[in-house]
Amino acid sequence: LGIRPSGYRAPWWEMNWHPPDLLIQRGFTYDSSLLDGDVPYRFRGERTDGDLVEIPVDWGLDDWEQYAFYPGWTGSGVIESPAKVREMWWLEASAHHAEGSCFVLTNHPFISGRPSRAAALEQLIADVRKLDGIWVTTLAEIAAHTKKTVTEIRRIPRVEAPPVISALAVPTAD
């Protein structure tokens, strides 16, 4: 396609301490894998100069949680109605708008691309566009804006897990 990716999203949003440094080294500008807020921010890796913009996500704004069901593997067993999902996402979008925060949907083409779901998503986007002062854009544009306007660069401290206990003492009845 001739378009170089500028951002990353970890599969299942499961991140460890290595990707930020690797992404910075490879020239990425943003990550969208962490579920730790509603406003984009900048953060640095552990060993590399430079920083990334984090555009936080939320499981409630992921179509997977609403529509995906694979027996024996994932899902609640309930495939939601597109009308219910649209209402839930509209309430979220309205609340984010009121708070001045970032509403980030995650949609998979093979899930939200089904006809009734795509129609509900189109209706949601049309309604969101009517909100006063809303900016509907790409994650790359959000990252560029954040890089220009946010000067604080966070360092996310690494928390070391306690050593694994190899034996468990079980009290015995005397």
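Because the structure is a prediction, the values reported are computed rather than measured.

J.: Help me out: how do you make sense of the overall build of the protein in this one?
T.: Scanning the protein for helices and strands turns up 6 helices and 5 strands. Computed over its C-alpha atoms, the radius of gyration of the protein comes to 20 Å, more than 25% above the 16 Å expected for a compact globule of 174 residues. Across its three principal axes, the protein shows a C-alpha extent of roughly 70 × 45 × 35 Å. Buried positions account for 32% of the 174 residues belonging to the protein. Partitioning the contacts of the protein with sequence separation of at least 6, the portion at a separation of at least 24 is 57%. Charged side chains of the protein number 17 positive and 24 negative; the gap between the two group centres comes to 7 Å.

J.: Got a minute to help me understand the packing of aromatic side chains in this structure?
T.: Geometrically, a pair of aromatic rings is defined through the distance of the ring centres and the angle of the planes. What the rule picks out here adds up to 5 aromatic pairs. With a centroid separation of 6.4 Å and an interplanar angle of 45 degrees, the aromatic rings of W12 and W59 are classed as tilted. Taken together, the positions of W12 in the loop between β1 (7-8) and α1 (19-25) and W59 in the loop between β4 (51-54) and α2 (63-67) put the pair 47 residues apart, joining distant regions of the chain. Here W12 falls in the partly exposed class, since its relative accessible area comes to 43%. Looking at W59, the relative accessible area reads 30%, which means it is partly exposed. Ring geometry for Y41 and F43: centres 6.1 Å apart, planes at 55 degrees, overall tilted. The buried category is assigned to Y41, whose relative accessible area is 4%. Members of the aromatic cluster, each reached through a chain of ring pairs, are W12, W13, W59, W64 and F110. The ring of F28 is capped by R4, whose NZ or CZ atom sits 6.0 Å from the centre of that ring. We note R154 situated over the ring of Y41; from NZ or CZ to the ring centre the distance is 4.0 Å.

J.: Which parts of the structure should I look at to understand the pattern of salt bridges?
T.: Considering all chains together, one arrives at 6 salt bridges under this definition. Across the salt bridge formed by D51 and K147, the nearest N and O atoms sit 3.1 Å from each other. One end of the pair, D51, is in strand β4; the other, K147, is in helix α6 (residues 139-149), with 96 residues separating them in the sequence. According to the relative accessible area criterion, K147 is partly exposed, its value standing at 34%.

J.: What exactly am I supposed to notice about α6 here?
T.: Because each turn of an α-helix spans 3.6 residues, side chains separated by three or four positions in sequence point in the same direction. If you check which residues of α6 are buried, you get I142, A143 and T146. Considered in projection along α6, the buried side chains sweep an arc of 100 degrees and stay on one side of the axis.

J.: Got a minute to help me understand the packing of helix α3 (residues 82-99) against helix α5 (residues 115-129) in this structure?
T.: Relative orientation of the contacting elements α3 and α5 amounts to 25 degrees, with a least axis distance of 9 Å. Taken together, the axis directions place α3 and α5 in an arrangement best described as roughly parallel. Seen from above, α3 lies across α5 with right-handed handedness. Taken together, the residues of α5 that come into contact with α3 (itself represented by P82, R86, W89, W90 and A93) are S116, R117, A120, L121, Q123, L124, D127 and V128. Grouping the amino acids of the contact of α3 with α5 by side-chain chemistry returns 8 nonpolar, 2 polar and 3 charged.

The rules behind these values
- Residues numbered from 1 in each chain as written.
- Predicted model: local features only at pLDDT ≥ 70, side-chain atom pairs only at ≥ 80, totals over all residues.
- Heavy atoms only, no water.
- Helix = DSSP H or I, 4+ residues; strand = E, 2+ residues; numbered from the N terminus.
- Rg over C-alpha atoms; globule rule 2.2 N^0.38 Å.
- Buried < 20%, exposed > 50% of the residue type's maximum accessible area, 1.4 Å probe, protein only.
- Contact = heavy atoms within 4.5 Å.
- Lys, Arg positive; Asp, Glu negative; His and termini not counted.
- Charge placed at Lys NZ, Arg CZ, Asp CG, Glu CD.
- Phe/Tyr/Trp six-rings, centres within 6.5 Å; stacked < 30°, edge-to-face > 60°.
- Lys NZ or Arg CZ within 6 Å of the ring centre and 35° of its normal.
- Salt bridge = Lys/Arg side-chain N within 4 Å of Asp/Glu carboxyl O.
- Arc of directions from axis to C-beta.
- Axes fitted to C-alpha atoms, helices over the stretch in contact; angles between N-to-C directions.
- Parallel < 35°, antiparallel > 145°, perpendicular 65-115°, else oblique.
- Left-handed = near helix turned anticlockwise from the far one by under 90°.
- Nonpolar A, V, L, I, M, F, W, Y, C, P; charged D, E, K, R; others polar.

Distances and angles like these do not, on their own, reveal function.
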